[in-house]
Number of protein chains: 2
Amino acid sequence: MPLGFNLLATDRVTSARAGVIQTDHGEIPTPIFMPVGTAGSVKAVSQQDLLSDVDAKIILGNTYHLYLRPGIDILKQAGGLHKFNGWHRPILTDSGGYQVYSLSDRRKITEEGVRFQSHIDGSYHLFTPEYVMDIQRAIGADIIMAFDECPPIPAEKGYVEKSMHLTHRWLLRCFERLRTTEPLYNYHQSLFPIVQGGIHTDLRKQSAQFVANCEAEGNAIGGLSVGEPAEQMYEMTELVCSILPKNKPRYLMGVGTPTNLLEAIALGVDMFDCVMPTRNARNGQIFTWNGIINLRNKKWENDFSPLDELGNSYVDSFYTKAYVRHLFISGEILALQIASVHNLNFYLSLVKTAREKILSGNFLEWKSSVTESLSRKL
Amino acid sequence: MPLGFNLLATDRVTSARAGVIQTDHGEIPTPIFMPVGTAGSVKAVSQQDLLSDVDAKIILGNTYHLYLRPGIDILKQAGGLHKFNGWHRPILTDSGGYQVYSLSDRRKITEEGVRFQSHIDGSYHLFTPEYVMDIQRAIGADIIMAFDECPPIPAEKGYVEKSMHLTHRWLLRCFERLRTTEPLYNYHQSLFPIVQGGIHTDLRKQSAQFVANCEAEGNAIGGLSVGEPAEQMYEMTELVCSILPKNKPRYLMGVGTPTNLLEAIALGVDMFDCVMPTRNARNGQIFTWNGIINLRNKKWENDFSPLDELGNSYVDSFYTKAYVRHLFISGEILALQIASVHNLNFYLSLVKTAREKILSGNFLEWKSSVTESLSRKL
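Small disclaimer: the values here were computed from a predicted structure and weren't measured.

Thresholds, definitions, all that
Residues numbered from 1 in each chain as written. Chains lettered and ligands numbered in written order. Predicted model: local features only at pLDDT ≥ 70, side-chain atom pairs only at ≥ 80, totals over all residues. Heavy atoms only, no water. Helix = DSSP H or I, 4+ residues; strand = E, 2+ residues; numbered from the N terminus. Rg over C-alpha atoms; globule rule 2.2 N^0.38 Å. Buried < 20%, exposed > 50% of the residue type's maximum accessible area, 1.4 Å probe, protein only. Contact = heavy atoms within 4.5 Å. Areas by Shrake-Rupley, 256 points an atom, 1.4 Å probe, with all protein chains shown as cover. Lys, Arg positive; Asp, Glu negative; His and termini not counted. Charge placed at Lys NZ, Arg CZ, Asp CG, Glu CD. Phe/Tyr/Trp six-rings, centres within 6.5 Å; stacked < 30°, edge-to-face > 60°. Salt bridge = Lys/Arg side-chain N within 4 Å of Asp/Glu carboxyl O. Axes fitted to C-alpha atoms, helices over the stretch in contact; angles between N-to-C directions. Parallel < 35°, antiparallel > 145°, perpendicular 65-115°, else oblique. Left-handed = near helix turned anticlockwise from the far one by under 90°. Nonpolar A, V, L, I, M, F, W, Y, C, P; charged D, E, K, R; others polar.

**A few points about the overall build of chain A**
Counting its regular elements, chain A contains 15 helices and 17 strands. For 378 residues, the compact-globule formula gives about 21 Å, and the C-alpha radius of gyration of chain A, at 20 Å, lands near that figure. C-alpha extents for chain A along the principal axes are approximately 60 × 50 × 40 Å. The 378 residues of chain A split such that 63% are buried. In chain A, 68% of the contacts between residues at least 6 apart in sequence involve partners at least 24 apart. Just so you have it, chain A exposes about 13900 Å², and 49% of that area is on carbon and sulfur atoms. Each charge class in chain A was averaged separately, 37 positive and 40 negative side chains, and the resulting centres sit 2 Å apart.

**Details of the packing of aromatic side chains**
One pass over the structure, following the stated rule, counts 34 aromatic pairs over all chains. Geometrically, the ring pair formed by Phe-127 of chain A and Phe-147 of chain A is edge-to-face, given 6.1 Å between the ring centres and 80° between the ring planes. Of the two residues, Phe-127 of chain A is situated in strand S9 (residues 124-127) and Phe-147 of chain A in the loop between strand S10 (143-145) and helix H7 (157-179); the sequence distance between them amounts to 20 residues. Using a relative accessible area of 0% as the deciding quantity, one classes Phe-127 of chain A as buried. The exposure class assigned to Phe-147 of chain A is buried, which follows from its relative accessible area of 0%. Arranged with centres 4.8 Å apart and planes meeting at 70°, the rings of Phe-116 of chain B and Phe-127 of chain B form a pair that is edge-to-face. With Phe-116 of chain B in strand S8 (residues 114-117) and Phe-127 of chain B in strand S9 (residues 124-127), this residue pair connects regions lying eleven residues apart in the sequence.

**Brief notes about the pattern of salt bridges**
Within the structure shown, the criterion is met by 24 salt bridges over all chains. Glu-111 of chain A is the partner of Arg-169 of chain A in a salt bridge, and the nearest nitrogen-oxygen pair spans 2.7 Å. Here the residue Arg-169 of chain A occupies a position in helix H7, and Glu-111 of chain A occupies one in the loop between strand S7 (107-109) and strand S8 (114-117), the gap between them amounting to 58 residues. Look at Glu-111 of chain A and you get partly exposed, because its relative accessible area is 41%. We note a salt bridge from Arg-17 of chain B to Asp-270 of chain B, for which the minimum N-O separation is 3.0 Å. Taken together, the residues Arg-17 of chain B in strand S2 (residues 17-23) and Asp-270 of chain B in the loop between helix H10 (258-266) and strand S15 (271-273) connect sequence positions 253 residues apart. Asp-270 of chain B matches Arg-17 of chain B in its accessibility class, with the two residues each being buried. Connected through shared salt-bridge partners, Asp-55, Lys-57 and Arg-89 of chain A make up one network.

**What to know about the packing of helix H13 (residues 321-329) of chain A against helix H14 (residues 333-360) of chain A**
When two helices pack together, their arrangement is given by the angle between the helix axes and the distance between those axes. Residues and elements named next belong to chain A. Contact geometry for H13 and H14: axes closest at 7 Å, N-to-C directions at 130°. Comparing the axis directions of H13 and H14 gives the class oblique. Handedness of the H13/H14 crossing: left-handed. Between H13 and H14, the contacting residues are Tyr-323, Val-324, Leu-327 and Phe-328 on the first element and Leu-334, Ala-335, Leu-336, Ile-338 and Ala-339 on the second. For the contact of H13 with H14, the class distribution of residues is nine nonpolar, no polar and no charged.

Take a look at the structure:
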């Protein structure tokens, strides 16, 4: 069935929304955070923990990584990514555009697409909008992203404008390819277009209108959180949200810190993904309601209190700060497992609580009351 | 209460035994394999998985590692290792002797003890038999090992003999230190002496008799599995087992492959530890009833059968060979987690099945029927 979206509540004072997305792999309450499972695995977290302890509702896979390894032949033989990695809730795949720009050694952008070299073995590949749709058909994600160019910030405005138009032309080719092909695994796949336009109000407006006119099942905001000040990101997000249709989910790509999430939720964003909770976990940094903890810090050496007194995860009450600090200092793999489960559970708790507050009508008061402590360094 | 040992059955044809060890942290069925938790963590395996999926009955900690990190002050403040790492079943600690010889940069052995440099920061430390007992009191293991010298194989016989006598004199000092000190955490700690003597029949005999005369609550065979042929290891083990008391558990240190375990069980060994299941897991090698699988091998690329059709672990039926192979090739941490849980579960299943066969009186037939496939490369 086509992707559905029930908007259950919109906040009285902010633009925050609570809803439910329906997919063939189940429902997704919104606002939602999607853990990043780059190569078909959310790093250091087992599917079992992701399901029970993190209670992720949807995860993300990276087309670029999955295309290079294990490759689409293997994924097709497996019957798609859900069967390959054993994750039977919804999956979203990005288009590979961002990785092509950030990871590959060399790349050449033409009207046709992007020619690039693999960061793994230097082999040459060509991603076109059509081919990226075919790859995402093979991966079998429930939500597939349009192939876009993601220019850096800062970039010359003339370049950003040309790039935006290219992204728009590619978008139409993505839709056309999907229209003329079938899903491989007997469930629906939704294409989300991506708004670009850098930090330029007029371009963002133009791009948001172009995307809104596509009447897609959901829409994404790309090209932000790439180094610009948070205020600029919020400004662009607010502008784009004011143009994108209200009755479709809005996805802000690659964002962000706990505070970023709450601010963007207030602007009307429904979906988020970011490597921050897992990447920072592997560096010993955990997020809590009381602030940010660097577990490698000597001050935790003999702190035998639970990892996070306010956390919902099994690891929060079972392990102590002193023990997890010891694991990090000793280079034990278990440290990465514990911190990753904690941070993902925290991000999911954060959006779940935000949703409850939107539904109960006191989102803004709640947001104001927690924002300061969320970014405090403990 | 003192450590107890109930011998439930001895095989009719081999010297294999089935029993139960009683400790203040619970019972241990024997024969048993003890996962190695070097620095207070069984590498890449959570305490939850170790308890439920692996069902380990006792784990091992390394005195050398725990002494250096987190250090005995932290362990004392935590209330011992059980409280520090949240493992509430029995723990055994080695004496640090083996690591001092294998890991530390420089070491000097005297009658007093061993002076060595930390492999972490080059700092100088002195391990004496007395101090190693104090450290193990602070760690709070249920079973603590005597401080011994573990000479390499091959070594000059004169050296092995001198070293053995030193180990014996140190053993008496260990017993004396324990006799005059109390456990720190209100439960009993048992000292197991270690038989040395290299691959020399007369020395092994002499050492076994010395150890037997100590009337300890359990006894260990050390200095084997350090590079000698398996046949020599079995020969020494058989000889020592014939001398050590029948009514106490026998622990063969640092052994070994699944086949090594079954052969040594047949000779009368009750307890084992080895890094092989976890270390090899991290290199992509898993042990199964059908043989040994190198998961990095291309042949598993599109093998979507369960990781181990005959395995009892959750990971065995949930994950496929193709997926775990992909995780190894992609450098995903989850690969290490899955393979480690699998291998430990397999080792525990191996000794559990051996125990059942001893109790049901058909251990030898069973051993003969499985030995060949256990070491086959798949």
